[in-house]
Amino acid sequence: DRPFVEKVCEMSANNIIIVSAIGNDGPLYGTLNNPADQLDVIGVGGIDFQDKIASFSSRGMTTWELPSGYGRVKPDIVTYGQSVQGSRIYGGCRALSGTSVASPVVAGAVALLASSVPVEERRTLVNPASMKQILIAGAKPLVGPNIFEQGPGRLDLLHSYKELAQYKPHRGGLDFQDKIASFSSRGMTTWELPSGYGRVKPDIVTYGQSVQGSRIYGGCRALSGTSVASPVVAGAVALLASSVPVEERRTLVNPASMKQILIAGAKPLVGPNIFEQGPGRLDLLHSYKELAQYKPHRGGLDFQDKIA
């Protein structure tokens, strides 16, 4: 697919916004298709009218970097793609299903959002990076599906419009009310800007505000910062790794698997968007359960999760 991928990158570099269906090979993980698995493309998954992930909708993670790297978060957005009413060729209507039904909905949303930008600002504000960021920031997380099934959540055109009205490219931690700490840095990544777009970060959030810690000379003090949160995650990784039988650690414990397990086990927070919380709050018990049935595949992962 190299010539095809290069052409996709060429289109993106020329400010052509590409929206693509992720495919209908669900419900297994790692089944999304090219070009939706490319980072320059807005990959769209399908849901039904009860906001459930359609059983046919392909799942992330991306697999083109495996086994030398790890899968990235996809889809980028989900919207209605099951039993959607469409026109018959010779008149009347019919029910259509598929991620190729969902993706035109997102393409239409992108067109509407772009049309709301004043003409004199479109050259700087409307591009593949900004449109993807606006859709992600405006998405509404669904209750139940994990980040490899829904990405940041369901398309919310009104919320994305409000995000676009105040859009400024910008560069996670939690308090004990599960709110993102005001000091916690936000994604997206910026090292690819302006030639590319920011990637989803943080990978996980956990408690990092007013955490009780030891004083050097005795007693306790309240500590705050993402440098307080990160040892919590490091400890969780150590506990997870220690639960793997010694003879399996060489193949199962690595940066890719641990990151995948933390992401798959994370609990999405209500309110913060994906650039503030990533996949959500650390949930050690859920991640342990995911690790217990973890099976790496060249084509992705099968956690045996079934979506109705």
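So, here is what we can say about the structure in this document. (Residues numbered from 1 in each chain as written. Predicted model: local features only at pLDDT ≥ 70, side-chain atom pairs only at ≥ 80, totals over all residues. Heavy atoms only, no water.)

### A look at the overall build of the protein chain
And step 1. Assigned secondary structure in the protein chain consists of eleven helices and nine strands.
And step 2. Burial status across the protein chain gives 48% buried among its 308 residues. (Helix = DSSP H or I, 4+ residues; strand = E, 2+ residues; numbered from the N terminus. Buried < 20%, exposed > 50% of the residue type's maximum accessible area, 1.4 Å probe, protein only.)

### What to know about the pattern of salt bridges
And step 1. According to the stated counting rule, one finds seven salt bridges in the structure shown.
And step 2. Residue aspartate 76 is joined to lysine 74 by a salt bridge in which the shortest nitrogen-to-oxygen separation is 2.6 Å.
And step 3. Relative accessible area serves as the criterion here: at 6%, aspartate 76 is assigned to the buried category.
And step 4. Residue lysine 74 is classed as buried on the basis of its relative accessible area, which comes to 0%.
And step 5. In this structure, lysine 201 and aspartate 203 form a salt bridge, with 2.6 Å as the shortest nitrogen-oxygen distance.
And step 6. Given the relative accessible area of 33%, lysine 201 is considered partly exposed.
And step 7. On the basis of relative accessibility, which here comes to 24%, the residue aspartate 203 falls in the partly exposed class.
And step 8. Through salt bridges with shared partners, one network takes in Lys74, Asp76 and Lys132. (Salt bridge = Lys/Arg side-chain N within 4 Å of Asp/Glu carboxyl O.)

### Observations concerning the sheet that holds strand E2 (residues 42–47)
And step 1. Taken together, the three strands give an open sheet; going across it, the order is E1-E2-E3, and neighbouring strands pair in parallel fashion. The open sheet has two edge strands, strand E1 (19–21) and strand E3 (77–80), and neither has a second partner. Within the sheet, the average angular offset between the axes of one strand and its neighbour, ignoring direction, is 40°.
And step 2. Helix H2 (residues 99–115) contacts E1, E2 and E3 of the sheet and is inclined by roughly 125° relative to E2. (Pairing = 2+ DSSP bridges. Axes fitted to C-alpha atoms, helices over the stretch in contact; angles between N-to-C directions. Contact = heavy atoms within 4.5 Å.)

### Comments concerning the packing of aromatic side chains
The description of an aromatic ring pair uses the distance of the two centres, along with the angle that the planes make with each other.
And step 1. A complete count under the given rule lists one aromatic pair for this structure.
And step 2. Ring geometry for phenylalanine 49 versus tyrosine 80: centroids 5.0 Å apart, planes at 20°, classification stacked. In this pair, phenylalanine 49 sits in the loop between E2 and E3 while tyrosine 80 sits in strand E3, placing the two residues 31 residues apart along the sequence.
And step 3. A relative accessible area of 49% places phenylalanine 49 in the partly exposed class. (Phe/Tyr/Trp six-rings, centres within 6.5 Å; stacked < 30°, edge-to-face > 60°.)

### Digging into helix H11 (residues 284–292)
And step 1. Looking at H11, one finds that the buried residues are Ser287, Glu290 and Leu291. Buried positions in H11, seen along its axis, are confined to an arc of 100° and lie on one side of it. Seen from the open side of H11, the exposed residues pointing more than 90 degrees away from its buried face are Leu285 and Ala292. (Arc of directions from axis to C-beta.)

### Examining the side chain of lysine 74
And step 1. Note on placement: lysine 74 falls in the loop between E2 and E3.
And step 2. For lysine 74, the side chain forms a polar contact with the main-chain oxygen of valine 41, separated by 2.9 Å.
And step 3. Separated by 2.6 Å, the side chains of lysine 74 and aspartate 76 make a polar contact.
And step 4. The contacts of lysine 74, once residues within four sequence positions are left out, are Leu32, Ala36, Asp37, Gln38, Val41, Gly43, Gly60, Thr62, Lys132, Ile147 and Phe148. (Polar contact = N/O pair within 3.5 Å; in protein donor to acceptor, adjacent residues only side chain to side chain.)

### As for the packing of helix H7 (residues 226–242) against helix H9 (residues 255–265)
And step 1. At a closest axis distance of 11 Å, the pairing of H7 and H9 adopts a crossing angle of 110°. It follows from the interaxial angle that H7 and H9 lie roughly perpendicular. Where H7 abuts H9, its residues Val233, Val237, Leu240 and Ala241 lie against Met258, Ile261 and Leu262. (Parallel < 35°, antiparallel > 145°, perpendicular 65-115°, else oblique.)

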